[in-house]
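A closer look at the structure
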Amino acid sequence: MKKSVLALSIVITLFCVPYGDAQEYNTIENSHPTIHVKGEAVIKTIPDEAVINFGVSSEARKLAVAYKDNTSKMNSIISAIKSVGIDKKDIKTSSYDVVPVYPRNEKGHQIPGSPVSFKVSQQLMVKVRDTSKTGDIIDRAIKDGTNIFQSIQFRSSKIDELRKEVKIQAAKNAKAKAGLYAEALGVSLGRLLKVNESESRPAPTRQARMYSNMAMEVSPQIEAGSMEIRETCNLIYEIYEEQN
């Protein structure tokens, strides 16, 4: 059976490519009849880890007072977190700031003068390896002085393995599509000319919140839910028309 190159290019799926690759794509498409396919795959999993970001902000006329208040509250929070089984290697100080607060006029513009107060802020990032403890940790942290709550992010400890698996599935899906379209159109697949991938990760909602002195009577029920790991694989194949 002989093969002759088709005169026209068949495009099944169009997708955007970086500007720097445009000439390469044009060269391929101008010299070869091609077929473009996009394969997709999704894996759903239950998160088994949580990362909580929160902290304490203290303000006082004297720096020493703000520093002492902030240090005392943060030390108390860290002790409370450790008491529920969080290892010290999973507790990290992500930021520490000392900022002078200057006087401002009615329009909110800073005016010359000495600081009217000092603000000391400290942020913690806590990795929770048992998501069922998430609500209890938040409750204890707020009771011990947390007044800045930044975010909770749920994730999987097996994310690298899952990403590898979903990439394989997306590539297989794209290859199967290419074969399906080629059969339907009465052509044969030639060389694989280009592979391009893209991934979409679930983005947790991040919202900074300030809490005044408050204590929860019950711990909040925090549900990890599920997460999706999604991959897309784009393939370009040469195609040939079969002739008897």
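Preceding this section is the structure that the text describes.
So, a few notes on the structure that sits alongside this text. (Residues numbered from 1 in each chain as written. Predicted model: local features only at pLDDT ≥ 70, side-chain atom pairs only at ≥ 80, totals over all residues. Heavy atoms only, no water.)

Along the backbone of the chain there are 4 helices and 9 strands. The N-to-C order of helical and strand elements in the chain reads β-α-β-β-α-β-β-α-β-α-β-β-β. Restricting the contact set of the chain to residue pairs at least 6 apart, pairs at least 24 apart contribute 85%. When the accessible area of the chain is evaluated, it comes to approximately 15,100 Å², of which 50% is carbon and sulfur surface. (Helix = DSSP H or I, 4+ residues; strand = E, 2+ residues; numbered from the N terminus. Contact = heavy atoms within 4.5 Å. Areas by Shrake-Rupley, 256 points an atom, 1.4 Å probe, with all protein chains shown as cover.)

What follows covers the environment of E228. Tracing the backbone through its elements, the reader meets E228 in strand β9 (residues 227-243). When the C-alpha positions of E228 and I43 are compared, they lie 5.7 Å apart, and in sequence the two are 185 residues distant. Within the local environment of E228, its side chain forms a polar contact with the side chain of R230, the two groups lying 2.9 Å apart. (Polar contact = N/O pair within 3.5 Å; in protein donor to acceptor, adjacent residues only side chain to side chain.)

The subject of this paragraph is the nonpolar core. Counting 20 residues, the largest nonpolar core has I52, F54, I81, I86, L124 and V126 as the members making the most contacts within it. At the level of elements, β3 (49-60), α2 (63-83), β5 (117-128), α3 (134-143) and β6 (148-155) are the ones that each hand at least two residues to this core. If we skip the residues at most four places from it in the chain, L124 touches I52, N53, F54, G55, M74, I77, I78, I81, I91, K92, T93 and S94. Formed by 18 residues, the second largest nonpolar core is a distinct cluster that contains I159, A178, M227 and C233. (Core = buried A, V, L, I, M, F, W, Y, C linked by side-chain atoms within 4.5 Å. Buried < 20%, exposed > 50% of the residue type's maximum accessible area, 1.4 Å probe, protein only.)

Moving on, we get to a nonpolar patch on the surface. A cluster of nonpolar side chains, namely L63, Y67, Y96 and V98, defines an oily patch on the protein surface of about 360 Å² accessible area. Elements with a contribution of two residues or more to the nonpolar patch: α2 and β4 (91-101). Mapped onto the fold, V98 is located in strand β4. (Patch = residues over 30% accessible without salt bridge, like charges linked within 9 Å, V, L, I, M, F, W, Y side chains within 5 Å. Salt bridge = Lys/Arg side-chain N within 4 Å of Asp/Glu carboxyl O.)

Let us now look at α2. Between its first and last C-alpha atoms α2 spans 30 Å; for 21 residues at 1.5 Å apiece the expected length is 30 Å, and the two agree. For α2, every residue scored as buried is listed here: A66, N70, M74, I77, I78, A80 and I81. Looking down the long axis of α2, one finds its buried residues gathered within 160 degrees of arc, a one-sided arrangement. Counted as exposed and oriented over 90 degrees from the buried face of α2: A64 and K68. In this structure, the buried side of α2 is in contact with β3, β4, β5 and α3. (Expected span 1.5 Å × (residues − 1). Arc of directions from axis to C-beta.)

A regular strand places its side chains on the two faces of the sheet in alternate fashion. In terms of burial, β3 is largely enclosed, as 11 of its 12 residues are buried. Direction of pairing for β3 relative to β5: antiparallel, over a ladder of 11 bridges. Across the sheet, S58 pairs through a bridge with V120, a residue of β5. (Pairing = 2+ DSSP bridges.)

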